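The chain contents come next:
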Amino acid sequence: MRIVAGAWRGRTLVAPPGTATRPTSDRLRQALFDLLWHAPWAGREAVEGAVVLDAFAGTGALGLEAISRGAANATFLERDHAALAALRRNIATCGAEAASRVLAIDATRPPPSGAPASLVFLDPPYRQNLVPVAVTALTSAGWLAPNALLVAETARDEPLPLPLPCLDDRTHGAARISVWRFAPGSPNARAPPQNP
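Cut-off values and rules
Here, residues in each chain are numbered from 1, in the same order as that chain's written sequence. The predicted nature of this model means local features are confined to residues of pLDDT at least 70 and side-chain atom pairs, given and counted, to a pLDDT of 80 or more, with totals for whole chains, interfaces and linings taken over all residues. Just so you know, side-chain values use all the structure's heavy atoms and leave hydrogens and water out. Only when DSSP finds a minimum of two bridges between them are two strands counted as paired. Numbered from the N terminus, helices here are DSSP runs of H or I no shorter than four residues, and strands are runs of E no shorter than two. Axis definition: a line fitted to C-alpha atoms, limited for helices to the stretch in contact. Angles are taken between N-to-C directions and run from 0 to 180 degrees. Residue contacts are counted whenever heavy atoms from the two residues lie within 4.5 Å of one another. Within this scheme, the nonpolar core is defined by two criteria: the residues are buried Ala, Val, Leu, Ile, Met, Phe, Trp, Tyr or Cys, and they are joined through side-chain atoms within 4.5 Å. Summary of the burial criterion: residues with accessible area below 20% of their type's maximum are buried, those above 50% are exposed, and those between are partly exposed, where the area comes from a 1.4 Å probe applied to protein chains only. A crossover counts as right-handed when, viewed with the strands pointing away from the observer, the path leading from the first strand over the helix to the second turns clockwise. The predictor attaches a confidence to each residue, and that confidence, scored 0 to 100, is pLDDT. When a carboxyl oxygen of Asp or Glu lies within 4 Å of a side-chain nitrogen of Lys or Arg, that pair is called a salt bridge. Note on terminology: angles under 35 degrees are roughly parallel, angles over 145 are roughly antiparallel, angles of 65 to 115 are roughly perpendicular, and the others are oblique. Note on convention: near helix rotated counterclockwise from far helix by under a right angle means a left-handed crossing. Clockwise means right-handed.

Participant: Describe the sheet that holds strand 7 (residues 175-181), and please don't skip the residues or the numbers.
Facilitator: In space, the seven strands of this open sheet follow the order 3-2-1-4-5-7-6, with mixed pairing throughout. Whereas interior strands pair on both sides, the edge strands pair on one side only; in this sheet they are strand 3 (100-103) and strand 6 (166-172). For this sheet, the mean angle separating the axes of adjacent strands, direction not counted, is 15 degrees. Of the pairings in the sheet, the one linking strand 2 (residues 73-77) to strand 3 comprises four bridges and is parallel in character. Following the sheet pairing, F76 is matched in strand 3 by V102. In the packing of helix 3 (residues 81-94) onto the sheet, contacts are made with strand 2 and strand 3, and the angle to strand 3 comes to roughly 170 degrees.

Here's what the structure looks like:
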(Lines give C-alpha, C1' and ligand atoms only; values in the text may rest on other atoms or scores of the structure.)
Protein backbone atom coordinates (compact mmCIF):
# COMPACT_ATOMS: atom_id res chain seq x y z
CA MET A 1 0.00 0.00 0.00
CA ARG A 2 1.42 3.38 -1.06
CA ILE A 3 0.53 7.05 -1.35
CA VAL A 4 -0.71 7.33 -4.93
CA ALA A 5 0.02 10.94 -5.84
CA GLY A 6 1.22 14.30 -4.65
CA ALA A 7 4.16 15.32 -2.47
CA TRP A 8 4.55 11.87 -0.91
CA ARG A 9 3.83 9.79 -4.00
CA GLY A 10 5.23 6.28 -3.63
CA ARG A 11 5.67 6.37 0.16
CA THR A 12 4.91 2.93 1.55
CA LEU A 13 2.18 2.69 4.19
CA VAL A 14 1.81 -0.13 6.70
CA ALA A 15 -1.35 -1.87 7.91
CA PRO A 16 -1.83 -3.79 11.15
CA PRO A 17 -1.88 -7.58 10.92
CA GLY A 18 -5.19 -9.42 10.82
CA THR A 19 -8.53 -8.47 9.30
CA ALA A 20 -9.82 -5.94 11.85
CA THR A 21 -8.56 -3.06 9.68
CA ARG A 22 -9.51 -2.96 5.98
CA PRO A 23 -7.30 -0.37 4.25
CA THR A 24 -8.65 1.41 1.19
CA SER A 25 -6.66 0.04 -1.76
CA ASP A 26 -4.34 2.22 -3.85
CA ARG A 27 -6.58 1.70 -6.86
CA LEU A 28 -9.74 2.75 -5.04
CA ARG A 29 -8.02 5.82 -3.54
CA GLN A 30 -6.87 6.82 -7.02
CA ALA A 31 -10.42 6.46 -8.37
CA LEU A 32 -11.83 8.44 -5.45
CA PHE A 33 -9.42 11.36 -5.76
CA ASP A 34 -9.82 11.39 -9.54
CA LEU A 35 -13.57 11.71 -8.95
CA LEU A 36 -13.11 14.59 -6.50
CA TRP A 37 -10.54 16.32 -8.71
CA HIS A 38 -12.71 16.32 -11.85
CA ALA A 39 -16.30 16.49 -10.56
CA PRO A 40 -18.18 19.72 -11.32
CA TRP A 41 -19.40 19.80 -7.70
CA ALA A 42 -15.87 19.47 -6.25
CA GLY A 43 -12.63 20.12 -8.19
CA ARG A 44 -9.07 20.72 -7.01
CA GLU A 45 -10.24 23.28 -4.47
CA ALA A 46 -12.19 20.54 -2.65
CA VAL A 47 -8.84 18.92 -1.75
CA GLU A 48 -6.20 21.64 -1.93
CA GLY A 49 -6.28 23.63 1.30
CA ALA A 50 -9.02 21.41 2.77
CA VAL A 51 -9.46 20.75 6.48
CA VAL A 52 -9.83 16.96 6.48
CA LEU A 53 -11.47 14.59 8.91
CA ASP A 54 -10.57 10.92 8.47
CA ALA A 55 -13.11 9.13 10.67
CA PHE A 56 -12.59 5.39 11.25
CA ALA A 57 -9.08 6.25 10.03
CA GLY A 58 -7.44 2.82 10.23
CA THR A 59 -4.05 3.24 8.54
CA GLY A 60 -4.79 6.89 7.72
CA ALA A 61 -4.38 6.27 3.99
CA LEU A 62 -7.27 8.53 2.97
CA GLY A 63 -6.28 11.49 5.12
CA LEU A 64 -2.59 11.16 4.25
CA GLU A 65 -3.44 10.92 0.55
CA ALA A 66 -5.41 14.17 0.90
CA ILE A 67 -2.52 15.97 2.64
CA SER A 68 -0.11 14.65 -0.01
CA ARG A 69 -2.37 16.23 -2.63
CA GLY A 70 -2.48 19.63 -0.92
CA ALA A 71 -4.96 19.48 1.96
CA ALA A 72 -4.06 21.85 4.79
CA ASN A 73 -4.29 19.28 7.58
CA ALA A 74 -6.14 16.19 8.76
CA THR A 75 -7.61 14.91 11.99
CA PHE A 76 -7.65 11.13 12.29
CA LEU A 77 -10.20 9.39 14.53
CA GLU A 78 -9.38 5.78 15.40
CA ARG A 79 -9.87 3.66 18.52
CA ASP A 80 -8.23 0.31 17.65
CA HIS A 81 -4.77 0.06 19.26
CA ALA A 82 -3.12 -1.85 16.39
CA ALA A 83 -4.56 0.54 13.81
CA LEU A 84 -3.39 3.54 15.86
CA ALA A 85 0.16 2.18 15.88
CA ALA A 86 0.09 1.76 12.09
CA LEU A 87 -1.50 5.20 11.65
CA ARG A 88 1.18 6.93 13.74
CA ARG A 89 3.92 5.07 11.85
CA ASN A 90 2.42 6.12 8.49
CA ILE A 91 2.23 9.76 9.59
CA ALA A 92 5.91 9.59 10.56
CA THR A 93 6.84 7.89 7.27
CA CYS A 94 5.27 10.80 5.39
CA GLY A 95 6.73 13.43 7.73
CA ALA A 96 3.16 14.62 8.24
CA GLU A 97 3.26 15.24 12.00
CA ALA A 98 2.78 19.02 11.69
CA ALA A 99 -0.32 18.60 9.51
CA SER A 100 -1.86 15.69 11.46
CA ARG A 101 -3.81 15.27 14.66
CA VAL A 102 -4.61 11.77 15.95
CA LEU A 103 -7.46 11.23 18.40
CA ALA A 104 -7.89 7.77 19.92
CA ILE A 105 -11.68 7.96 19.99
CA ASP A 106 -14.80 6.37 18.54
CA ALA A 107 -16.11 8.38 15.57
CA THR A 108 -19.66 7.63 16.69
CA ARG A 109 -19.00 9.38 20.04
CA PRO A 110 -16.72 12.33 19.24
CA PRO A 111 -15.96 15.22 21.59
CA PRO A 112 -16.85 18.77 20.52
CA SER A 113 -14.70 20.06 17.67
CA GLY A 114 -13.10 23.45 17.35
CA ALA A 115 -12.16 23.04 13.70
CA PRO A 116 -14.99 21.87 11.40
CA ALA A 117 -13.84 19.83 8.41
CA SER A 118 -14.56 20.65 4.78
CA LEU A 119 -13.65 17.15 3.49
CA VAL A 120 -14.72 14.12 5.52
CA PHE A 121 -13.84 10.47 4.91
CA LEU A 122 -16.05 7.81 6.53
CA ASP A 123 -14.70 4.29 6.09
CA PRO A 124 -16.10 2.16 8.92
CA PRO A 125 -16.36 -1.62 9.14
CA TYR A 126 -18.86 -2.80 6.54
CA ARG A 127 -22.51 -3.62 7.24
CA GLN A 128 -22.76 -2.14 10.74
CA ASN A 129 -24.78 0.98 9.82
CA LEU A 130 -22.02 3.17 11.26
CA VAL A 131 -22.02 5.95 8.64
CA PRO A 132 -25.44 7.41 9.56
CA VAL A 133 -24.64 7.08 13.27
CA ALA A 134 -21.29 8.83 12.82
CA VAL A 135 -22.74 11.61 10.67
CA THR A 136 -25.36 12.36 13.34
CA ALA A 137 -22.73 12.36 16.11
CA LEU A 138 -20.22 14.44 14.15
CA THR A 139 -22.92 16.95 13.25
CA SER A 140 -23.97 17.33 16.90
CA ALA A 141 -20.36 17.80 17.98
CA GLY A 142 -19.62 20.46 15.34
CA TRP A 143 -17.12 18.50 13.23
CA LEU A 144 -18.74 19.26 9.85
CA ALA A 145 -18.35 22.62 8.12
CA PRO A 146 -21.27 23.99 6.08
CA ASN A 147 -21.24 22.46 2.59
CA ALA A 148 -18.57 19.93 3.56
CA LEU A 149 -18.10 16.93 1.28
CA LEU A 150 -18.71 13.59 2.99
CA VAL A 151 -17.13 10.59 1.27
CA ALA A 152 -18.37 7.21 2.52
CA GLU A 153 -16.93 3.81 1.71
CA THR A 154 -19.33 0.98 2.47
CA ALA A 155 -20.03 -2.52 1.21
CA ARG A 156 -21.37 -2.66 -2.33
CA ASP A 157 -24.86 -3.77 -1.18
CA GLU A 158 -25.02 -1.76 2.05
CA PRO A 159 -27.96 0.68 2.30
CA LEU A 160 -26.93 4.22 3.17
CA PRO A 161 -29.99 6.34 4.00
CA LEU A 162 -28.56 9.80 4.72
CA PRO A 163 -30.91 12.82 4.62
CA LEU A 164 -28.38 14.80 2.60
CA PRO A 165 -27.87 15.58 -1.09
CA CYS A 166 -26.05 12.66 -2.74
CA LEU A 167 -23.62 13.92 -5.38
CA ASP A 168 -22.22 10.64 -6.65
CA ASP A 169 -22.56 6.93 -6.00
CA ARG A 170 -20.53 4.17 -7.64
CA THR A 171 -19.19 0.71 -6.95
CA HIS A 172 -15.62 -0.60 -7.22
CA GLY A 173 -15.51 -4.36 -6.73
CA ALA A 174 -16.89 -5.16 -3.27
CA ALA A 175 -16.80 -1.50 -2.22
CA ARG A 176 -19.20 1.35 -2.77
CA ILE A 177 -18.17 5.01 -2.74
CA SER A 178 -20.80 7.67 -2.25
CA VAL A 179 -20.29 11.41 -1.90
CA TRP A 180 -22.68 13.66 -0.03
CA ARG A 181 -22.98 17.39 0.58
CA PHE A 182 -23.42 18.38 4.21
CA ALA A 183 -26.55 20.52 3.93
CA PRO A 184 -28.99 19.38 6.63
CA GLY A 185 -32.63 19.90 5.79
CA SER A 186 -31.96 20.38 2.08
CA PRO A 187 -35.05 19.85 -0.08
CA ASN A 188 -32.77 18.08 -2.55
CA ALA A 189 -31.79 15.39 -0.09
CA ARG A 190 -32.13 11.91 -1.51
CA ALA A 191 -30.80 8.45 -0.95
CA PRO A 192 -28.54 6.98 -3.64
CA PRO A 193 -29.87 4.20 -5.83
CA GLN A 194 -29.47 0.74 -4.35
CA ASN A 195 -27.03 -1.33 -6.38
CA PRO A 196 -27.70 -4.99 -6.97
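Participant: Run through the nonpolar core, naming residues and quoting values.
Facilitator: Ranked by internal contacts, the top residues of the largest apolar core, which has 38 residues, are L64, L119 and F121. Within the residue set of this core, elements represented by two or more residues are helix 1 (26-38), helix 2 (61-68), strand 2, helix 3, strand 4 (117-122), strand 5 (144-155) and strand 7. Apart from residues lying up to four places away in sequence, F121 is in contact with L32, F33, V52, L53, D54, A55, L62, G63, A66 and V151. Residues A117, V131, A134 and F182 belong to the second largest nonpolar core, which totals 25 residues.

Participant: Any details on the pairing of strand 2? Residues and values, ideally.
Facilitator: On a regular strand, each side chain points to the face opposite its neighbour's, so the side chains alternate between the two faces of the sheet. The element strand 2 is extensively covered by neighbouring structure, given that four of its five residues are classed as buried. Here four bridges tie strand 1 (residues 51-55) to strand 2, and the two strands are oriented parallel to one another. Residue L53 lies in a different strand from strand 2, and its bridge partner there is T75. In this fold, the crossover linking strand 1 to strand 2 by way of helix 2 has right-handed handedness. Between the parallel elements strand 2 and strand 3, the chain passes through helix 3 in a crossover that is right-handed.

Participant: So what about the environment of A137? Which residues, and what values?
Facilitator: Counting through the fold element by element, A137 comes out in helix 4 (residues 130-140). For A137 and P111, which are 26 residues apart along the polypeptide, the C-alpha to C-alpha distance reads 9.2 Å.

Participant: I'd like a description of the confidence of the model for the chain, backed by residues and values.
Facilitator: Looking at the chain as a whole, its pLDDT mean stands at 90, while 92% of the residues score no less than 70. Segment residues 185-196: pLDDT under 50, and 27 contacts once partners within four positions in sequence are set aside and those in other chains are kept.

Participant: Quick one: what's the story with the pattern of salt bridges, residue by residue and with numbers?
Facilitator: For the structure on display, the rule yields nine salt bridges. Between R69 and E65 there is a salt bridge whose closest N-O contact spans 2.9 Å. With a relative accessible area of 10%, R69 lands in the buried category. Here R109 and D106 are joined by a salt bridge, their closest N and O atoms 3.4 Å apart. A relative accessible area of 61% places R109 in the exposed class.

Participant: Requested: an account of the packing of helix 1 against helix 2, with residues and values cited.
Facilitator: Two numbers describe how helix 1 lies on helix 2: the axes approach to 11 Å, and their chain directions differ by 50 degrees. For the element pair helix 1 / helix 2, the angle class is oblique. Helix-helix and strand crossings are classified by hand; for helix 1 and helix 2 the assignment is right-handed. Residue-level inspection shows R29, L32 and F33 of helix 1 in contact with helix 2, the latter providing A61, L62, E65 and A66.

Participant: Lay out the pairing of strand 5 with the relevant residues and their values.
Facilitator: For strand 5, a buried count of ten out of twelve residues is recorded, marking the element as mostly surrounded by other parts of the structure. For strand 4 and strand 5, the ladder comprises five bridges, and the chain directions are parallel. Looking at the pairing, L122 lines up with A152 of strand 5. Taken together, strand 4, helix 4 and strand 5 constitute a β-α-β crossover, and its handedness is right-handed. Of the pairings in the sheet, the one linking strand 5 to strand 7 comprises seven bridges and is antiparallel in character. Paired with L149 across the two strands is R181, which belongs to strand 7.

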